[in-house]
Amino acid sequence: MSMKYHIITYGCQMNRSDSERIAAVLEKIGYSPTLDKDKADLIVINVCSVRQSAVDRVYGQISNIKNKNLKKIKNQKIVLTGCILPKDKENLKNKTDLILDIDQLMSWPQILSKIETKLKNKQFKNFKFKNYLNIFPKFSTFPIAYVPIMTGCNNFCSYCVVPYTRGREISRPAEEIICEVKELIKRGYKMIILLGQNVNSYQGKLKTQKEKIIRFPKLVKMINDLDGNFWLTFISNHPKDLSDKLIETMARCEKVMSYLHLPVQAGDDEILRRMNRNYTITHYKNLIKKIRLKFFAIRKGIEKNINISTDIIVGFPGETKKQFLNTTKLMKEVKFDMAYIAKYSPRPATSAAKLKDDVSQEEKERRWKILAKILEKTALEKNKKYLNKIVEVLIESKKDNSLFGRTKTFKQVKVSNFQSQDSDLIGKFVKVKIKKVTPWGMEGELFY
Ligand code: SAH
Ligand code: SF4
Ligand code: F3S
């Protein structure tokens, strides 16, 4: 009987991308995927630790599986990986079969053969990768592909667990990235999303010219210049490292989407200082102004209005009402297209964990709601610009009687008037006339 695996992924796109590499490895050694968790012989949980709630879900998930295992005779193996703090590793050790580091993915086959009898005495000859990112993933979001260009983070924002779970920054060699993107283009992928905790500090080597360092704007240009009809974007950017050169490159490279995710985290200089973010609000607002002007000057049609999204944390230790008010001011001024608003959650190991988490849960909730309300207004205002316009949309998926896709400004569009023979439109660029907008998306009809 064949062995089946099921992967549960928490957290950001980086984890989702890692899961695509895990899937590739498992399938190479004889596992086949199952969507039904109960049918799996091996369950991999790819953990996120960015907030306590994410960690709690992992604990919940594990005891669920364990309880079911007790009732049935089947003994499912549980493997944990991803972003896990040492303390949680300690606590979870006895509740799972293995805890494996994602950057050791190349040696998983050998390790798994110790807990899975069917893998015993197998030879894993093809696993001589130097780096886990060399493993060609089982891409699962056609026509969109997430391509990691670096792992880890050197920034140590005081609230953030990532440098402790993913370690220091390591950039992937430029040729390796280009090679992967070329293959994706060949396979018909139409949207390439480069991934890194701070893509702006990418510093990759070129194997052919050992001493030469490729920085991020150059990498963007190199990918943009590849043949093929595709769109390119990247997450996340850090306001302290987003250079004028990158702004110029983005605006001029025609395949780069008119989209920028630029996490601000707070609208108050003192809070930013205590978050160890290394920029001021003036600097942030200047960046926004520069990039908006550049896109407006160089791009055409809806691409003139670049889509800008951000991340914000409310209730950082010691955040006063006045400091919070500065965040509301910033949001009203910048008018974001989208903001991912989080309530501060103290993380063990981080430097902010030493500060008293003194903004109450109710107050965090209240602040969250205020920001969500501002966002609802600005996002709607932004989307209204699309009403009755005919825009190019990359079709991503089909659900019930609708197609879903994105504009080159990364706006989600639902297409309702399609005929069944149009379902092969997935992965194609089509023209859509926008008929209805909400703060969170828009709807339109295929324009023949
Ligand atoms: N590297 C990315 C973000 C990684 S974490 C960047 O710098 O933009 C994703 C988001 O989670 C962060 O931007 C932040 O807004 C939020 N976050 C991180 N740590 C948090 C914490 N302790 N409490 C609440 N939100 C947090
Ligand atoms: Fe965390 Fe800051 Fe690094 Fe982003 S830049 S991953 S928020 S430490
Ligand atoms: Fe991503 Fe969570 Fe790790 S946000 S980098 S999966 S801690």
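Residues numbered from 1 in each chain as written. Chains lettered and ligands numbered in written order. Predicted model: local features only at pLDDT ≥ 70, side-chain atom pairs only at ≥ 80, totals over all residues. Heavy atoms only, no water.

When you go through the protein chain residue by residue, the secondary structure sums to 12 helices and 20 strands. Across its three principal directions, the C-alpha atoms of the protein chain cover 65 × 55 × 55 Å. With 448 residues in all, the protein chain has 54% of them scored as buried. Summarising the internal contacts of the protein chain: among those between residues at least 6 apart in sequence, 72% fall at separations of at least 24. For the protein chain, the exposed area adds up to about 21,100 Å²; of that, 52% sits on carbon and sulfur atoms. Averaging the coordinates of the 85 positive side-chain charges in the protein chain and doing the same for the 47 negative ones gives two points 0 Å apart. (Helix = DSSP H or I, 4+ residues; strand = E, 2+ residues; numbered from the N terminus. Buried < 20%, exposed > 50% of the residue type's maximum accessible area, 1.4 Å probe, protein only. Contact = heavy atoms within 4.5 Å. Areas by Shrake-Rupley, 256 points an atom, 1.4 Å probe, with all protein chains shown as cover. Lys, Arg positive; Asp, Glu negative; His and termini not counted. Charge placed at Lys NZ, Arg CZ, Asp CG, Glu CD.)

Before going further, it helps to examine the domain arrangement of the protein chain. One can read the domain layout of the protein chain as domain 1 (3-119), domain 2 (141-257), domain 3 (261-386) and domain 4 (387-446). For domain 1 versus domain 2, the distance between C-alpha centres works out to 28 Å. Contact with domain 1, which involves 13 residues of that partner, is made by 14 residues of domain 2. Connecting domain 1 to domain 2 are 2 salt bridges. Among the ionic pairs, R21 bridges to E180, the shortest N-O distance being 2.9 Å. If you look at where domain 1 meets domain 2, you find 3 residue pairs in polar contact (both at pLDDT 80 or more). For the side of domain 1 that touches domain 2, the residue count by class is 6 nonpolar, 4 polar and 3 charged. (Domains from an automatic or database assignment. Salt bridge = Lys/Arg side-chain N within 4 Å of Asp/Glu carboxyl O. Polar contact = N/O pair within 3.5 Å; in protein donor to acceptor, adjacent residues only side chain to side chain. Nonpolar A, V, L, I, M, F, W, Y, C, P; charged D, E, K, R; others polar.)

Attention now moves to the site of ligand 3. Around ligand 3, the neighbouring residues are C12, N15, C48, S49, V50, C83, V162, R166 and Q197. Class assignment for the residues of the shell around ligand 3 results in 5 nonpolar, 3 polar and 1 charged. The residue makeup of the shell around ligand 3 includes at least three contributed by each of domain 1 (3-119) and domain 2 (141-257). (Near = heavy atom within 4 Å.)

Turning our eyes to something else, we now look at helix α12 (residues 361-384). One full turn of an α-helix is made of 3.6 residues, so residues set three or four places apart face in the same direction. Taking 1.5 Å of rise per residue, the 24 residues of α12 would be expected to cover 34 Å, and the 34 Å separating its terminal C-alpha atoms lies within 8% of that figure. Those residues of α12 that are buried lie in contact with α10 (281-298), β14 (307-314), α11 (321-334), β15 (338-343), β19 (429-438) and β20 (441-446). (Expected span 1.5 Å × (residues − 1).)

With 72 residues, the main nonpolar core has I192, L194, F216, L219 and I223 as its most contacted residues. In this structure, F216 is in contact with I149, L194, V199, N200, Y202, F234 and L246, ignoring residues within four places of it in sequence. Y5, I22, A24 and V25 belong to the second-largest nonpolar core, a separate cluster that totals 25 residues. (Core = buried A, V, L, I, M, F, W, Y, C linked by side-chain atoms within 4.5 Å.)

To continue, consider the sheet that holds strand β2 (residues 31-33). Read from one edge of the open sheet, 5 strands run β2-β1-β3-β4-β5, paired in parallel fashion. The sheet is open, and its two borders are formed by β2 and β5 (98-99), each paired with just one other strand. Here strand β4 (residues 77-82) pairs with β5 via 2 bridges, running parallel. Counted as the bridge partner of V79 is L98 from β5. (Pairing = 2+ DSSP bridges.)

Applying the stated criterion across every chain, the model contains 32 salt bridges. A salt bridge links D101 to K89; the shortest N-O distance between them is 3.5 Å. You can see D101 sitting in the loop between β5 and α4 (108-112) and its partner K89 sitting in helix α3 (residues 86-92), a full 12 residues away along the chain. On the basis of relative accessibility, which here comes to 30%, the residue K89 falls in the partly exposed class. Between R187 and E183 there is a salt bridge whose closest N-O contact spans 2.8 Å. Several salt bridges share partner residues, and in doing so they unite R21, R172, E176 and E180 into one network.

Let's shift gears to the site of ligand 1. Neighbouring ligand 1 are 15 residues; Q197, P263, Q265, D311 and S345 lie closest to it. The side chain of Q265 places a nitrogen or oxygen atom 2.8 Å from an oxygen atom of ligand 1. Calculation on ligand 1 without its partners gives an accessible area of 540 Å², and the protein chains cover 88% of this total. Of all the secondary structure elements, the ones that give two or more residues to the shell around ligand 1 are β14 and β15.

Its place among the elements puts S236 in the loop between β12 (231-235) and α8 (244-252). Ignoring sequence-local partners within four residues, the contact set of S236 consists of G196, Q197, N198, V199, H261 and P263.

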